Amino acid sequence: MKRIRNICRLAGLLLALPVFLTACGGQEAAGGAAYRLPEQPASVANGVVAQNERFRLYWDSMEACLIVEDLATGEIRSSMPYEYYMGEERGGRYIMNGLGSSLQLEYVNSENLEQGLASYEDASAVEAEQIRDGIRLTYYFDEVHISVPVEYTLNADGLTAAVQVEDIAEQEYKLYTVSLLPFFAAVKNDTGSRLFVPSGSGAWMDTDSGQRDVRTYQEAVYGGDAAVQEMYRTTYTQAVRMPVFGTVEPDGTAVLGVIDRGAELASVCATAGDTQYGYSSVYAQFRLRGKATAVVKDVNNLNASVNKYTDGLVNVSAVSVRYILTSYEDSALMGLVGAYRQYLSESEELPKAESGPAAVLNFLGGVQEQRLLLGIPYHTTAVTTTLQQVQGILGALREVTGATLAVNLKGFGESGIDAARLADSFRRDGRYGSQDEWDALRSWCGANHVDLYMDFDVIRYTQSGNGYSTREAARTANQTLARVYPYDLVTHAQDTAAGGSYLLGRYHLARIGGRLSQAAADNGLTGIGLSTLSSWCYSDAGDALYYNGAHMQDDVVRAMETLEQANVRVMSESANLYAALHSSCINNTPSSSSGYSYFDEEVPFYQLVLSGIVPMSGATINLASDPETEFLNSLSTGCALSFTLTGQTAPDSVREAHPELGLSVYGGLSRQLLSMLEQASPLLEKTQGQPITEYVRDGEVAMTRFQNGVTVWVNFGETAADSPLGSIPARSFLYQ
């Protein structure tokens, strides 16, 4: 091995450290094959190794480089930037090892440190074998006794790279992450090219260099593993909801990367404006082992972080990225959107959105409140909305606006919106209204074509009951029970005094669909809300099948399909892609990215992709820092308006834990809500269920055209702006 990069260094630890490192008893590790370097690795001759009607795949064994040629356009992409591959000046070893490596990995050494390797220089050998439609390369890192096989195959729209996880071989060192083709989706700096990253709604990163520092980005797909505890959280970020990334160039060429297997294990990484390499790139990294972090005392009695890794690799056969080589004419954004929609339509049968609601109203039923009885504290549930209040508010809104509505009831169980027993034992509590009042609300909603949902949190809970014990909760990599905590607003540290919630063991989550279907029947529901199940991803190191969040997509889709078979509609919230495609309605879709300073433009990629497929609402207007902007965001993407409401004021004692309650009282919001609904309903009646065919943002004005020809211009600015329909007042919109 020629070079090893240290990723992190750790202080000396207390003698208690070995106890933590061995606290994984009872795991059923997946394990890998025993490492062995062949005496004579197999080889494939240089030249063409695969070809189909559109593409040709070449292999250069001297440079360990893969090259894809588009036979129709002559466009060429390669595992190292093609211009660099063809050039005579290669730069130093650092640049060669970076740009030339088709595989990068991190492993855990004997000192429990993560170290990095890159295939161009660090691989002792690369074995090549011809396979159908491509080539299989096995990268041998002999100094650490790790080998990683990757299959590269042509498909109808580009190249698929798949790490064969079940065939990875290890010995004394543990493989942690693998990064696939880090420079296949690369563009030269300072050419006007851009990187697309799927943070929240989506964002562009420009590729200029020299004028500002290099920008590096990394976010876990689907929000990361909720079972991995963060000791501190200093910023609020939007989760990655779609496993996709891309590059666009001024000449109209583009690459779309789709993480089509193992997305739960992946992060999207990007580097923009790197002056040493001269290129910017975006790629996928996969975490192939579970990890937990503990804080212990070192020899100086200071806090030190110690990592524990699962014994076995994740229990999946392969993880892969499909690179779609595409192009665009007028709009780079719509070019990527179109390519992704085409991929989705070919991968599975997509639903077609029917006309959705003009507004989604989320009612919060109750909240846990601590009281004193003879000086002894006890908890009770304070009611914030009754069933009668829900019906009264709906009736008032329908009478004044005539708008089509959808209703999601949250926290109408025994413990309100605070987790206690799982899904509050899957039943409505009588304190919010009688059975007659419940029947009256359901009857009124049916007669007025209002879709009624009741939300069940089937992930978080704090008490055993109804067949779900806290002892069977998900476990971290060090075999402690996984818990999630709120964060202190001042210190940004976990507020462990608040108790925290357990995460349902993944074995039980995989079988939750039947309980939800029964809950719908027991409560007389035709709609179920799955706000956490549709947007959370987490691991369970107590079962090797669920290391690192593996198979979350399979389990969630299975539950949603069970409800679909029972004719129960599903409302998701900020849904991960797999849940979005099995939803009847998506509530509170992300309207922004994580807002990092190196993002150059935010785009509504999420809404553009799903428009015409699933009815959606925008971000919750009354809980936003700028409600007027969220109102305009919804209109510009054809999304329903979303509000969170209570029928009455919550006790002061619960406001700190639930600040949203102070912003949700209907009495203080009714005028704003009615005004927005009256403005938006005529437009949303025309755009709901319609795919977006064109979207352009020019400064403060966004233009959106829908498939039926309806076009809306939205002015986000503080002054009037011009449009083809005339002047748009500040913070307003026009449409035709």
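Summarised in this report is the structure supplied together with it. Keep in mind that what you see is a predicted model, and the values were worked out from it rather than measured. (Residues numbered from 1 in each chain as written. Predicted model: local features only at pLDDT ≥ 70, side-chain atom pairs only at ≥ 80, totals over all residues. Heavy atoms only, no water.)

What about the pairing of strand 42 (residues 711–715)?
No. 1: Taking burial as the measure, the five residues of strand 42 include five buried ones, the bulk of the element.
No. 2: In strand 42, alternate side chains face the same way, and those of Thr711, Trp713 and Asn715 on one face and Val712 and Val714 on the other are all buried.
No. 3: As paired elements, strand 41 (residues 701–706) and strand 42 share five bridges and run antiparallel to each other. Its bridge partner lying in strand 42, Ala702 is registered against Val714.
No. 4: Linking two consecutive strands that pair antiparallel, namely strand 41 and strand 42, is a turn of four residues; a positive phi of about 95 degrees is found at Gly709 within it.
No. 5: As judged from the four bridges shared by strand 42 and strand 43 (residues 732–735), these two strands associate in the antiparallel manner. When the sheet's bridge partners are listed, Trp713 is paired in strand 43 with Leu734. (Buried < 20%, exposed > 50% of the residue type's maximum accessible area, 1.4 Å probe, protein only. Helix = DSSP H or I, 4+ residues; strand = E, 2+ residues; numbered from the N terminus. Pairing = 2+ DSSP bridges.)

A closer look at the side chain of Asn112
No. 1: With respect to the helices, strands and loops of the structure, Asn112 is situated in the loop between strand 7 (103–108) and strand 8 (114–118).
No. 2: Note on Asn112: relative accessible area 17%, which makes it buried.
No. 3: Within the local environment of Asn112, its side chain forms a polar contact with the backbone oxygen of Asn307, the two atoms lying 2.7 Å apart. (Polar contact = N/O pair within 3.5 Å; in protein donor to acceptor, adjacent residues only side chain to side chain.)

Examining the nonpolar core
No. 1: Within the largest apolar cluster, 190 residues are counted, with the highest numbers of intra-cluster contacts made by Tyr340, Phe605 and Leu641.
No. 2: Beyond its immediate sequence surroundings of up to four residues, Phe605 is in contact with Phe196, Ser201, Gly202, Met242, Val244, Leu333, Leu336, Val337 and Tyr340. (Core = buried A, V, L, I, M, F, W, Y, C linked by side-chain atoms within 4.5 Å. Contact = heavy atoms within 4.5 Å.)

Digging into the pairing of strand 3 (residues 47–51)
Residues in a regular strand point their side chains to alternate faces of the sheet.
No. 1: In the sheet, strand 3 pairs with strand 4 (residues 55–60) via four bridges, with the strands oriented antiparallel. By the bridge assignment for strand 4, Gln51 is matched with Arg56.
No. 2: A loop of three residues connects strand 3 with strand 4, the two strands running antiparallel in sequence.

As for the sheet that holds strand 3
No. 1: With antiparallel pairing, the four strands of this open sheet are ordered in space as 3-4-5-6. A strand with exactly one partner marks an edge of an open sheet, and here the two such strands are strand 3 and strand 6 (76–78). Strand-to-strand twist of the sheet, defined as the mean angle between neighbouring strand axes without regard to direction, takes the value 25 degrees. (Axes fitted to C-alpha atoms, helices over the stretch in contact; angles between N-to-C directions.)

As for the packing of helix 9 (residues 512–523) against helix 10 (residues 552–565)
No. 1: Orientation of helix 9 relative to helix 10, taken along the N-to-C sense of each, is 30 degrees, at an axis distance of 8 Å. Note that helix 9 runs across helix 10; the crossing there is right-handed. Across from Ile512, Gly513, Gly514, Leu516 and Ser517 in helix 9, the residues of helix 10 making contact are Ala559, Thr562 and Leu563.
No. 2: Taken together, the residues that form the contact of helix 9 with helix 10 break down as four nonpolar, four polar and no charged. (Left-handed = near helix turned anticlockwise from the far one by under 90°. Nonpolar A, V, L, I, M, F, W, Y, C, P; charged D, E, K, R; others polar.)

A few points about the packing of aromatic side chains
The geometry of two aromatic rings is summed up by the distance between their centres and the angle between their planes.
No. 1: The full count for this structure, using the stated rule, is 24 aromatic pairs.
No. 2: Ring centres of Tyr222 and Tyr578 lie 4.9 Å apart, and the angle between their planes is 90 degrees; this geometry places the pair in the edge-to-face category. In this pair, Tyr222 is assigned in the loop between strand 18 (215–220) and strand 19 (244–248) and Tyr578 in helix 11 (residues 577–580), connecting sequence segments 356 residues apart.
No. 3: Taken together, the ring pairs connect Phe196, Trp204, Tyr340, Tyr343 and Phe605 into an aromatic cluster.
No. 4: The ring of Tyr279 is capped by Lys188, whose NZ or CZ atom sits 4.8 Å from the centre of that ring. (Phe/Tyr/Trp six-rings, centres within 6.5 Å; stacked < 30°, edge-to-face > 60°. Lys NZ or Arg CZ within 6 Å of the ring centre and 35° of its normal.)

Re the sheet that holds strand 38 (residues 617–620)
No. 1: Taken together, eight strands build an open sheet; the order of strands is 36-35-34-30-29-26-39-38 and the sheet is parallel. The open sheet has two edge strands with one neighbour each: strand 36 (585–587) and strand 38. For this sheet, the mean inter-axis angle between neighbouring strands, taken without regard to orientation, is 25 degrees.
No. 2: Bridge analysis of strand 30 (residues 451–455) against strand 34 (residues 527–529) gives two bridges, and the strand direction is parallel. Of the residues in strand 34, the one forming a bridge with Met454 is Ile528.
No. 3: Seen against the sheet, helix 7 (residues 435–447) touches strand 29 (405–410) and strand 30 and runs at an angle of roughly 135 degrees to strand 30.
No. 4: The sheet contacts of helix 14 (residues 666–687) involve strand 26 (359–364), strand 29 and strand 39 (640–645), and relative to strand 39 the element is tilted by about 165 degrees.

Structural notes on the environment of Leu374
No. 1: Along the chain, the position of Leu374 falls in the loop between strand 27 (366–373) and strand 28 (376–383).
No. 2: Since its relative accessible area comes to 84%, Leu374 is described here as exposed.
No. 3: For the pair Leu374 and Arg569, spaced 195 residues apart in the sequence, the C-alpha separation amounts to 47 Å.

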